[in-house]
Amino acid sequence: MITKQKGTYDIYGDNAKKRQYVNEILATLCEKYNYTYIETPVFESSELFHRGVGEATDMVQKETYDFKDRGDRNLTLRPEGTAGVVRLFIENKLYGNMSEPVKVFYNEKMYRYERPQTGRNREFTQWGFECFGSNDVLSDAECISLAYNAYKLLGLENITIKLNSLGDNESRLKYKEELVNYFKPHINELCEDCKNRLEKNPLRILDCKVDGDSEIIKNAPKTIDYLNKESSERFAKLQELLDLMDINYEIDTMLVRGLDYYNHTVFEVVLDNSYALGGGGRYNGLVETLGGPSIPAVGFAMGYDRTILAMEENNINIPINDSIDVYLLYVSESEKETAAYLAQDLRLNGYIVENDLLNRSLKAQFKSVDRYNSKYLIILNDEKLTNNEITIKDNKTKEEETIDINNLIDYLNMHM
Ligand code: HAM
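All figures in this text were calculated on a predicted structure; none of them were measured in a lab.

**Structural notes on the domain arrangement of the protein chain**
Interface size is commonly expressed as the accessible surface area that is lost when the partners come together.
Okay, step 1: Domain annotation of the protein chain identifies domain 1 (13-168 + 228-313) and domain 2 (326-415).
Okay, step 2: Taken over C-alpha atoms, the centre of domain 1 sits 48 Å from the centre of domain 2.

Structure follows, in structure tokens:
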């Protein structure tokens, strides 16, 4: 037997229904914020992620699925959504008319070569959204509010937004310098990865999984102490807005995020201080880094699978429709045609309909009515059909009526 690859999963049955339900909630919420749906390709040129996410990030160094196609092109399965969306934004010149911000959302599979464990897979889904064209702190607040409300709507009441600011480029550079000066004398106490990070990406030392709990890291300089006046005022304003919007957040000065493109706002969504259910922030330089004009942007991505897992762990009831509206039974072969056109008519009128596709006996068809948990059953019988009549039965009350076939839709509209 050929089995699925490590870190991937099949989605079917109730699980698939749950995801459809979650998709609908998220898409409807995006509509409220006036975000429009987009899709980007699963694979892109490797350069996009190397330049976009950052050459020195763990993601690019260790986690991307890179391959050459038959035309010798260097390609990568997307490890995250933002770089691809930025490419789409630039390539399709969505910046042509920036009199209004461009707001888009996606719900797509991502690929990272990580060690699979609960909530961490090699193929996983992110629901994410990006807003281009506003540098106003109100758009940071809107972004956090959309993320926050999504979890709330899904029933995850106890979430917290962990929030930090990396400041503008000036503040970030100053902070980086300060970090390097701080860590240098401790270099031998750091893990091998962090020794490399010190040169290439010192901010990443702060959320190292190996060194994370050490005193050296706990006592490291904090981003917010190095924000210049403008960045610091901006961060204060953001907090004011979040307070007004009644969003539950907590400042986390150790939060730096794993991707290189952020400045100013960074945030993650956590539940009971476990792993991040989602993360995002502002990335004002990325459009330009990837060859577009200088356009500010802010966005977020939800770890979709982790979120569903958290809903299950918190016993959040996800409504799953496990019933149908009508089961059409036919007594003999000759009533099949009526079944066919009635099913067509009912489905076009919005009813969920089943009929026997296996040429089974009437007795076997009755069993299906219960298996499908059908609300109504309709018995098609030539004797009655000659008078345009059908028998319809409420499967719960067991009440049965004979009605004119032409009145069926009206009958169901009235009774359901
Ligand atoms: P990220 O923090 O790398 O951000 O990923 C966002 C979320 O995806 C994580 O918080 C986590 O819930 C989920 N996730 C990440 N890796 C895995 C995995 N291996 N298995 C399951 N879930 C995972 C980004 O990707 C940014 N593009 C977010 C963003 C959008 N920033 C601005 N706009």
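Back to the text.
**Some words on the sheet that holds strand β13 (residues 353-355)**
Across a sheet, strands are paired by hydrogen bonds formed along the backbone, either parallel or antiparallel in direction.
Okay, step 1: Read from one edge of the open sheet, 5 strands run β13-β12-β14-β15-β16, paired in mixed fashion. Pairing within the sheet leaves two strands with one partner each, and these edge strands are β13 and β16 (400-404). Averaged over all pairs of adjacent strands, the angle between strand axes in this sheet comes to 25 degrees, irrespective of strand direction.
Okay, step 2: Of the strands in this sheet, β12 (324-330) and β14 (374-380) touch helix α13 (residues 362-371), which is tilted by about 175 degrees from β12.
Okay, step 3: Each of β12, β14, β15 (389-394) and β16 is contacted by helix α15 (residues 408-415), which is oriented at about 135 degrees to β16, the strand it contacts most.

**Description of the sheet that holds strand β9 (residues 263-271)**
Okay, step 1: Sheet architecture is open: 8 strands sit in the order β1-β5-β6-β11-β10-β9-β7-β8, paired in mixed fashion. Each edge of the open sheet carries a strand with a single partner, namely β1 (36-37) and β8 (249-251).
Okay, step 2: Sitting on the sheet, helix α5 (residues 137-153) is in contact with β5 (102-111), β6 (123-132), β7 (159-165), β9, β10 (276-282) and β11 (297-303), with an inclination near 15 degrees to β11.
Okay, step 3: Helix-sheet contacts for helix α9 (residues 229-244) involve β7, β8, β9 and β10, and the interaxial angle to β7 is about 165 degrees.

**Observations concerning the site of the ligand**
Okay, step 1: Near the ligand, the surroundings consist of 25 residues, among which E80, E114, N121, E130 and Y262 are the closest.
Okay, step 2: Between R112 and the ligand, the recorded distance is 2.9 Å, taken from a side-chain N or O atom to an oxygen atom.
Okay, step 3: For the ligand, a nitrogen atom lies 3.2 Å from a polar atom in the backbone of F300.
Okay, step 4: Relative to its unbound accessible surface of 660 Å², the ligand loses 95% to contact with the protein.

**A few points about a nonpolar patch on the surface**
Okay, step 1: The grouping of V42, F43 and F67 at the surface amounts to a nonpolar patch, some 260 Å² of accessible area in total.
Okay, step 2: Here F43 is to be found in strand β2 (residues 43-45).

**A short note on the pairing of β10**
Okay, step 1: Burial within β10 is extensive, with 6 of its 7 residues counted as buried.
Okay, step 2: In terms of strand pairing, β9 meets β10 through 6 bridges, oriented antiparallel. Following the sheet pairing, F267 is matched in β10 by G280.
Okay, step 3: Connecting the antiparallel pair β9 and β10 is a turn made up of 4 residues, with D272 showing a positive phi of about 50 degrees.

**Points about helix α7 (residues 192-200)**
Okay, step 1: By the burial criterion, the buried members of α7 are C194, R197 and L198. All buried residues of α7 project into a common sector of 110 degrees when viewed along the axis, lining one side. The exposed residues of α7 that point more than 90 degrees off its buried face are E192, E199 and K200.
Okay, step 2: Those residues of α7 hidden inside the fold are in contact with α3 (58-63) and α6 (169-183).

Cut-off values and rules
- Residues numbered from 1 in each chain as written.
- Predicted model: local features only at pLDDT ≥ 70, side-chain atom pairs only at ≥ 80, totals over all residues.
- Heavy atoms only, no water.
- Domains from an automatic or database assignment.
- Pairing = 2+ DSSP bridges.
- Helix = DSSP H or I, 4+ residues; strand = E, 2+ residues; numbered from the N terminus.
- Axes fitted to C-alpha atoms, helices over the stretch in contact; angles between N-to-C directions.
- Contact = heavy atoms within 4.5 Å.
- Near = heavy atom within 4 Å.
- Polar contact = N/O pair within 3.5 Å; in protein donor to acceptor, adjacent residues only side chain to side chain.
- Areas by Shrake-Rupley, 256 points an atom, 1.4 Å probe, with all protein chains shown as cover.
- Patch = residues over 30% accessible without salt bridge, like charges linked within 9 Å, V, L, I, M, F, W, Y side chains within 5 Å.
- Salt bridge = Lys/Arg side-chain N within 4 Å of Asp/Glu carboxyl O.
- Buried < 20%, exposed > 50% of the residue type's maximum accessible area, 1.4 Å probe, protein only.
- Arc of directions from axis to C-beta.

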